[in-house]
Amino acid sequence: MPTAETAARPAPLKRDDIPGWFFRLDRAAFEHLLSAQSAAGVTGDILELGSYLGRSAVLLGDHLRPGERLTVCDLFDSDAGDADNAAEMAMSYRKTLTRSAFEANYLAFHDELPEIVQAPTSVLADGRIAAGSCRFVHVDASHLYEHVAGDIAVSRAALAEDGLVALDDYRSEHTPGVSAAVWEAVFTSGLRPVLLTPMKFYGTWGDAAAARQVLLERDWRAEGYTVDEDTIAGQPVLRLNYQVKAPVQQSAPRRLALDLLPPVATRATRRVLRTLRERRAVRPVPTA
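Residues numbered from 1 in each chain as written. Predicted model: local features only at pLDDT ≥ 70, side-chain atom pairs only at ≥ 80, totals over all residues. Heavy atoms only, no water.

Attention now goes to the overall build of the protein chain. Secondary structure assignment for the protein chain yields 10 helices and nine strands. Approximately 15600 Å² of the protein chain is accessible, and the part contributed by carbon and sulfur atoms is 54%. (Helix = DSSP H or I, 4+ residues; strand = E, 2+ residues; numbered from the N terminus. Areas by Shrake-Rupley, 256 points an atom, 1.4 Å probe, with all protein chains shown as cover.)

So this is what it looks like as structure tokens:
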């Protein structure tokens, strides 16, 4: 049930109003993989390690089927258990991350809250998540190597045979600890790559080929994405990214004229041209 503080907060009107770094491409990948599991009759709980303000948790809640449970684990506004984790939270999250804000955001789109564990994700190693009970795990908590390695171990224990794990920030320059933990799991712990996006690594300890085939059943290119395939140590992996639109080419005389004008005149000319384009765009269409 929502607390008094939760109820007092303005609810987001749409999902994009929830702050966070869960972008369109990964939302589409989550939706496709989770929907495919449900369509194939795959059942199991869903687990999220690190939820921030609920942007991804709301989507995960959309895909719960009767009898399934979503568990989210996050420190929220609790104190971190160690100095390094506390420093990371103070730098990135402390001013905005509260449990009440998460609850308000989640309840704006769902009738009931998920199971919430307000603690370091390391507590889940105690077995409170039944082994093999989950079909999907999303890891987006600490960026420190030791913590991420622990979260991957928790994920492996929680996942069913062909369950999927999505690991955030596996390639960002400011999160080398995540990269180290992810690729260590690939090369030493049997984690099989399925899909790479700019933000997330998707993998399984089960049948990676079947998961890739599920992804290829969708026409991603028609939706504005690129689809490529690479091989990592003999294992194929898909890559999804956004299509890059070619820049609009200006005519040579127009480019020359704009280059020769002084900066003030160039800016004024661009404003006039933009205004003319906007007026043409909204000009009413004549009717018969």
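The side chains of a regular strand alternate between the sheet's two faces. Most of strand β4 (residues 134–139) sits out of view: six of its six residues are buried. Inspection of the sheet shows strand β1 (residues 45–49) paired to β4 by five bridges, in the parallel sense. Following the sheet pairing, Leu 49 is matched in β4 by Val 139. Here five bridges tie β4 to strand β5 (residues 159–168), and the two strands are oriented parallel to one another. (Buried < 20%, exposed > 50% of the residue type's maximum accessible area, 1.4 Å probe, protein only. Pairing = 2+ DSSP bridges.)

Attention now moves to the layout of surface pockets. Considering only enclosed or pocket space, the second largest pocket measures out at about 260 Å³ in volume. Listed by contribution, the elements that provide at least two residues to the lining of the second largest pocket are α2 (24–39), β5 and α8 (208–216). Ranked by the residues each element gives to the lining of the second largest pocket, the list is headed by β5, at four residues. For the lining of the second largest pocket, a count of residues per class yields nine nonpolar, two polar and three charged. (1 Å grid on protein atoms, 1.4 Å probe; cavity = no way out; pocket = protein on both sides within 12 Å on 5 of 7 lines; lining within 4 Å. Points joined across faces, edges and corners; volume = space filled by probe spheres on them. Nonpolar A, V, L, I, M, F, W, Y, C, P; charged D, E, K, R; others polar.)

This model, assessed by the stated rule, comprises 10 salt bridges. Linking Lys 14 and Asp 17 is a salt bridge whose minimum nitrogen-to-oxygen distance equals 3.0 Å. Residue classification places Lys 14 among the partly exposed positions, given a relative accessible area of 48%. The partner of Arg 218 in a salt bridge is Glu 223, with the nearest N and O atoms 2.8 Å apart. Because the salt bridges share partners, they merge into one network encompassing Asp 16, Arg 27 and Arg 55. (Salt bridge = Lys/Arg side-chain N within 4 Å of Asp/Glu carboxyl O.)

Per-residue confidence for the protein chain gives a mean pLDDT of 86, with 76% of residues at or over 70. Note that residues 1–7 has pLDDT below 50 and, in this model, eight contacts with residues that lie over four places away or in other chains. (pLDDT = per-residue confidence, 0-100. Contact = heavy atoms within 4.5 Å.)

Next up on the list: the nonpolar core. Within soluble globular proteins, side chains that are nonpolar generally end up buried alongside one another. Residues Phe 30, Phe 136 and Leu 195 are the most contacted members of the largest nonpolar core, which totals 37 residues. Broken down by element, this core gets its largest block of residues, six residues, from α2. Residues in contact with Leu 195, not counting those within four places in the same chain, are Ala 29, Lys 200, Phe 201, Tyr 202, Leu 215, Val 237, Leu 238, Arg 239 and Leu 240. Membership of the second largest hydrophobic core comes to 29 residues, among which are Ala 158, Tyr 170, Val 178 and Leu 196. (Core = buried A, V, L, I, M, F, W, Y, C linked by side-chain atoms within 4.5 Å.)

Time to look at the packing of helix α3 (residues 55–62) against helix α5 (residues 99–107). Packed helix pairs are characterised by how far apart their axes lie and by the angle those axes make with each other. Two elements in contact, α3 and α5, have axes whose closest approach is 9 Å; the angle formed by their N-to-C orientations is 40 degrees. Here α3 lies oblique to α5, going by the angle between them. Classified by chirality, the crossing of α5 by α3 is right-handed. Between α3 and α5, the contacting residues are Ala 57, Val 58 and Gly 61 on the first element and Phe 102, Asn 105 and Tyr 106 on the second. Class assignment of the residues belonging to the contact of α3 with α5 gives a composition of four nonpolar, two polar and no charged. (Axes fitted to C-alpha atoms, helices over the stretch in contact; angles between N-to-C directions. Parallel < 35°, antiparallel > 145°, perpendicular 65-115°, else oblique. Left-handed = near helix turned anticlockwise from the far one by under 90°.)

The next point concerns unusual backbone geometry. Among all residues except glycine, the phi angle is most often negative; among peptide bonds, the trans geometry is most common. Notably, Tyr 52 is not glycine yet its phi reads approximately 50 degrees, a positive angle. Summarising the element assignment, Tyr 52 is placed in the loop between β1 and α3. For Tyr 52, a relative accessible area of 15% corresponds to the buried category. We note that Ala 233 has phi near 50 degrees; this positive angle belongs to a residue other than glycine. Within the fold, Ala 233 resides in the loop between β8 (225–232) and β9 (235–242). Take Ala 233: its relative accessible area is 62%, and that puts it in the exposed class.

Here the structure, examined in full by the defined rule, presents 11 aromatic pairs. Consider the rings of Phe 30 and Tyr 202, whose centres lie 5.9 Å apart with planes at 85 degrees: the pair is edge-to-face. Highlighted residues: Phe 30 in helix α2 and Tyr 202 in strand β7 (residues 200–204), separated in sequence by 172 residues. Take Tyr 202: its relative accessible area is 1%, and that puts it in the buried class. Here the aromatic cluster, defined as three or more aromatic residues joined through ring pairs, consists of Phe 22, Phe 30, Phe 136 and Tyr 202. Its guanidinium or amino end placed over the ring of Trp 220, Arg 218 lies 4.4 Å from that ring's centre, counting from NZ or CZ. (Phe/Tyr/Trp six-rings, centres within 6.5 Å; stacked < 30°, edge-to-face > 60°. Lys NZ or Arg CZ within 6 Å of the ring centre and 35° of its normal.)

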